[in-house]
Amino acid sequence: MAGILAWFWNERFWLPHNVTWADLKNTEEATFPQAEDLYLAFPLAFCIFMVRLIFERFVAKPCAIALNIQANGPQIAPPNAILEKVFTAITKHPDEKRLEGLSKQLDWDVRSIQRWFRQRRNQEKPSTLTRFCESMWRFSFYLYVFTYGVRFLKKTPWLWNTRHCWYNYPYQPLTTDLHYYYILELSFYWSLMFSQFTDIKRKDFGIMFLHHLVCIFLITFSYVNNMARVGTLVLCLHDSADALLEAAKMANYAKFQKMCDLLFVMFAVVFITTRLGIFPLWVLNTTLFESWEIVGPYPSWWVFNLLLLLIQGLNCFWSYLIVKIACKAVSRGKVSKDDRS
């Protein structure tokens, strides 16, 4: 085990040339990020999940009811043991041959069986009330963490000049605000990893799972080797559009169509501007070129930038979906559905 740990924490991989872990030990004069700090994220992720349950029940649900959003789900399919067995054990989308077989077995017409399967599939979809509560929780958290990030970053020199992310690297002291920001973000992503399996299932479940995984790796990675300054820029930039998306969903569930359309347009502009414009031209520029010039490359530097490029690939995928929704909205006159949902 000692040999595996020594291999994993190899200084040649994690740190620039001639820097050791001993150089980054905490002293009375300065505090640096320590890997064991990240253990705090697990109990905090559980606390965030519990806060979410309380928030959805005692804050979001009353707000939804006040907006006349009902908990009523879709129409319930009539009980039928044979069709239920096919639905749960074989297929939720029977083909024409199976439909004809079931029709003869039950003495039902094919259209009635198709209607039963459609109603049964819809039964598993969450109600609008459940969707609203989930979106309101995410909106509240994203708004809080983005506001905190902006208030924190506007006081830092690296927001105004990204070269400060690399001056005197890795001997950059860890401040209380930076530590809180990082642990909070990491805890939230861990809570999303746990809750994603119980949350509303969306078409992009696999992509979102990959996104959360990459985010956790990036946050952990950049904290351990003290790339936290540029990490805060990445986090804040990616939080900027999320609250607007959740607000647009809430407006859609509440049937405030004009507000939904306006919020979606604002979200699309902010998302595409920040993730296809500012992120590559500002953040990737400093991680790829300014850091190469000031610090120079080393093994974990390559991994960090590879993860950032993977995030950029996901940004391009979601931007494609947003443009697709925008084109549909122009033809229909409104934003009727988020393709990510």
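Residues numbered from 1 in each chain as written. Predicted model: local features only at pLDDT ≥ 70, side-chain atom pairs only at ≥ 80, totals over all residues. Heavy atoms only, no water.

## Regarding the nonpolar core
Moving on, step 1. Counting residues in hydrophobic clusters, the biggest one holds 68 residues, and the most contacted among them are Met 227 and Phe 279.
Moving on, step 2. Within the residue set of this core, elements represented by two or more residues are helix H3 (41-66), helix H7 (128-153), helix H9 (176-195), helix H10 (205-224), helix H11 (228-239), helix H12 (242-253), helix H13 (257-294) and helix H14 (299-332).
Moving on, step 3. Sorting elements by how many residues they give to this core places H7 first, with eleven residues.
Moving on, step 4. Sequence-distant contacts of Met 227, that is, excluding residues within four places in its chain, are made with Trp 166, Tyr 169, Tyr 182, Ser 222, Tyr 298, Trp 301 and Phe 304.
Moving on, step 5. Ala 248, Cys 260, Phe 267 and Ala 268 belong to the second-largest nonpolar core, a separate cluster that totals 18 residues. (Core = buried A, V, L, I, M, F, W, Y, C linked by side-chain atoms within 4.5 Å. Buried < 20%, exposed > 50% of the residue type's maximum accessible area, 1.4 Å probe, protein only. Helix = DSSP H or I, 4+ residues; strand = E, 2+ residues; numbered from the N terminus. Contact = heavy atoms within 4.5 Å.)

## Comments concerning H11
Moving on, step 1. Relative to the 16 Å expected for twelve residues at 1.5 Å per residue, H11 spans 16 Å between its end C-alpha atoms, a close match to the ideal helical length.
Moving on, step 2. Of the positions making up H11, those classed as buried are Ala 228, Arg 229, Val 230, Gly 231, Thr 232, Leu 233, Val 234, Leu 235, Cys 236, Leu 237, His 238 and Asp 239. (Expected span 1.5 Å × (residues − 1).)

## Topic: the layout of surface pockets
Moving on, step 1. The space that makes up the second largest pocket amounts to roughly 430 Å³.
Moving on, step 2. What lines the second largest pocket is a set of 16 residues, and nearest its centre among them are Phe 8, Trp 9, Leu 38, Thr 220 and Val 224.
Moving on, step 3. For the lining of the second largest pocket, the secondary-structure elements that each account for two or more residues are H9 and H10.
Moving on, step 4. Of the residues that constitute the lining of the second largest pocket, the class distribution is 14 nonpolar, one polar and one charged. (1 Å grid on protein atoms, 1.4 Å probe; cavity = no way out; pocket = protein on both sides within 12 Å on 5 of 7 lines; lining within 4 Å. Points joined across faces, edges and corners; volume = space filled by probe spheres on them. Nonpolar A, V, L, I, M, F, W, Y, C, P; charged D, E, K, R; others polar.)

## Details of the side chain of Arg 52
Moving on, step 1. Counting through the fold element by element, Arg 52 comes out in helix H3.
Moving on, step 2. Among the residues examined, Arg 52 registers a relative accessible area of 6% and is labelled buried.
Moving on, step 3. Side-chain polar atoms of Arg 52 contact the side chain of Glu 56, separated by 2.8 Å.
Moving on, step 4. Apart from the residues lying within four places of it in its own chain, the contact partners of Arg 52 are Glu 134, Trp 137, Ser 195 and Asp 199. (Polar contact = N/O pair within 3.5 Å; in protein donor to acceptor, adjacent residues only side chain to side chain.)

## Observations concerning the UniProt feature "transmembrane region" (unreviewed entry) in the chain
Moving on, step 1. Look at the UniProt record and you will see "transmembrane region" (unreviewed entry) annotated at residues 38-55, 180-198, 205-224, 260-282 and 302-323.
Moving on, step 2. End-to-end, the C-alpha atoms of residues 38-55 are 26 Å apart, and along that stretch the chain is 83% helix and 0% strand.
Moving on, step 3. Overall, residues 302-323 shows 100% helix and 0% strand. The separation of its end C-alpha atoms is 32 Å. (UniProt positions renumbered as here; feature names shortened; annotations may be inferred.)

## Details of the UniProt feature "DNA-binding region" (unreviewed entry) in the chain
Moving on, step 1. The sites that carry the UniProt feature "DNA-binding region" (unreviewed entry) are, in the present numbering, residues 85-128.
Moving on, step 2. Secondary structure across residues 85-128 comprises 70% helix and 0% strand; the distance between its end C-alpha atoms is 28 Å.

## A few points about unusual backbone geometry
Moving on, step 1. Here the residue pair Tyr 169 and Pro 170 is connected by a cis peptide bond, since its omega of 5 degrees sits within 30 degrees of zero.
Moving on, step 2. By the element assignment, Pro 170 lies in the loop between helix H8 (157-160) and H9.
Moving on, step 3. For Asn 168, which is not glycine, the phi dihedral falls at a positive 65 degrees.
Moving on, step 4. By secondary structure assignment, the location of Asn 168 is in the loop between H8 and H9.
Moving on, step 5. Given a relative accessible area of 53%, Asn 168 falls into the exposed group.
Moving on, step 6. Positive phi, close to 65 degrees, is recorded for Lys 255, a residue that is not glycine.
Moving on, step 7. Among the structural elements, Lys 255 can be located in the loop between H12 and H13.

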